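# Tertiary structure, described
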Amino acid sequence: MMKNKACLKKGLVAAMACFLWMPAAFAAELSVDEAIQMALEKNTDIKISAKGEEKAQANLEAAEGAKGLSVDASASLSVADGAAASFSKSNSNSISLSLPVYSGGAKEITIQNKRKEILSSQLNTERTRENIRLDVIKAYYDVLEKEKETAVNQESVDNYQA
């Protein structure tokens, strides 16, 4: 009976040691720089921030385009068939070009605001990258700390078994 309990304890200790060492072994295969690079490549927040930059760039291009020539074209066709054997049809087409001569600075201010939106989006993306770097470094060193703690615990178990 005593031998069974001792064997059970040794088996549990060995299983726990294997379980605790497994994640540490996987973490040891990856350097901090590799972990950061992997996190930056796979993080969706960065991809979303990059799309925000693209949107801000498109908004700037639209604002700059509004400064130039504007072309409007329209066409209409109407057909009427009367009961008294009268038939009429009409067609009209129009094209208009416009060039803003003076906007009171509104278009220039809009363009400046769109440039600021681009800068804001870029800074937001960089902040997201830095936060991810920080989180990965913290997690990496937490794993290393747990690995050392597990090694100390394993040494205690080995001393206990001896």
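Overview of the structure. The structure presented is a predicted model; accordingly, all values stated were derived computationally and were not measured. Counting from 1, residues in each chain are numbered in the order their sequence is written. Local features are withheld for residues below a pLDDT of 70 in this predicted model, meaning they are given only at 70 or higher, and side-chain atom pairs are given and counted only at 80 or more; totals for whole chains, interfaces and linings count all residues. Heavy atoms throughout the structure, all of them, feed into the side-chain values; hydrogens and water do not.

### Points about the pairing of strand β2 (residues 87-98)
What counts here: Each residue gets one of three labels from its accessible area relative to the maximum for its type: buried under 20%, exposed over 50%, partly exposed in between, using a 1.4 Å probe on protein chains only. Each helix is a run of DSSP H or I of at least 4 residues and each strand a run of E of at least 2, with the numbering of both proceeding from the N terminus. Here, a strand pair is defined by DSSP locating no fewer than two bridges between the strands.
Of all the twelve residues making up β2, zero are buried; the element is thus mostly uncovered. Here strand β1 (residues 70-81) pairs with β2 via twelve bridges, running antiparallel. Paired with L77 across the strands is N91, a residue of β2.

### Topic: the packing of helix α2 (residues 32-42) against helix α4 (residues 106-161)
To keep things clear, this is the line we draw: Axes here mean lines fitted to C-alpha atoms, for a helix over just the part in contact, with angles spanning 0 to 180 degrees between N-to-C directions. For classification, angles of less than 35 degrees are called roughly parallel, those exceeding 145 degrees roughly antiparallel, those between 65 and 115 degrees roughly perpendicular, and all remaining angles oblique. Crossings are assigned a handedness: left-handed for a near helix turned anticlockwise from the far helix by less than a right angle, right-handed for a clockwise turn. By definition, residues are in contact when any of their heavy atoms lie within 4.5 Å. Asp, Glu, Lys and Arg are counted as charged, while Ala, Val, Leu, Ile, Met, Phe, Trp, Tyr, Cys and Pro are counted as nonpolar; the rest, among them Gly, fall into the polar class.
Where α2 meets α4, the closest approach of the two axes is 9 Å, and the angle between their N-to-C directions is 135 degrees. On the basis of the axis angle, α2 is oblique to α4. Crossing handedness for the pair α2 and α4: right-handed. For the pair α2 and α4, the contacting residues are V32, A35, I36, A39 and L40 in the first and R129, I132, R133, V136, I137, Y140 and Y141 in the second. When the residues that make up the contact of α2 with α4 are grouped by side-chain class, the tally is ten nonpolar, no polar and two charged.

### Quick word on the pattern of salt bridges
What counts, and what does not: Think of a salt bridge as a Lys or Arg side-chain nitrogen and an Asp or Glu carboxyl oxygen that are within 4 Å of each other.
Summed over the entire model, instances satisfying the criterion amount to six salt bridges. Linking E126 and R133 is a salt bridge whose minimum nitrogen-to-oxygen distance equals 3.9 Å. Take E126: its relative accessible area is 35%, and that puts it in the partly exposed class. Connected through shared salt-bridge partners, E126, E130 and R133 make up one network.

### Observations regarding the environment of R127
Its place among the elements puts R127 in helix α4. Since its relative accessible area comes to 51%, R127 is described here as exposed. Note: C-alpha distance between R127 and S49 (78 residues apart in sequence) is 9.8 Å.

### Here's the deal with a nonpolar patch on the surface
Condition: Grouping into patches uses exposed residues only, defined as over 30% relative accessible area, and leaves out salt-bridged ones; the cut-off is 9 Å for like charges and 5 Å for nonpolar side chains (Val, Leu, Ile, Met, Phe, Trp, Tyr). Computed by Shrake-Rupley with a 1.4 Å probe, the accessible areas treat only the displayed protein chains as cover when residues are assessed.
A grouping of V71, I95 and L97 is seen on the molecular surface, where their side chains present a nonpolar patch of about 350 Å² in accessible area. Position of L97 among the secondary structure elements: in strand β2. Its relative accessible area of 59% is what places L97 among the exposed residues.

### Overview of the nonpolar core
Test applied: In these notes, a set of buried Ala, Val, Leu, Ile, Met, Phe, Trp, Tyr and Cys residues joined through side-chain atoms within 4.5 Å is what counts as a nonpolar core.
If you look at the biggest cluster of nonpolar residues, it comprises nine residues: V32, A35, I36, A39, L40, I46, I132, V136 and Y140. Residue assignment for this core shows that the elements contributing at least two residues are α2 and α4. For this core, the element with the most residues is α2, which contributes five residues.

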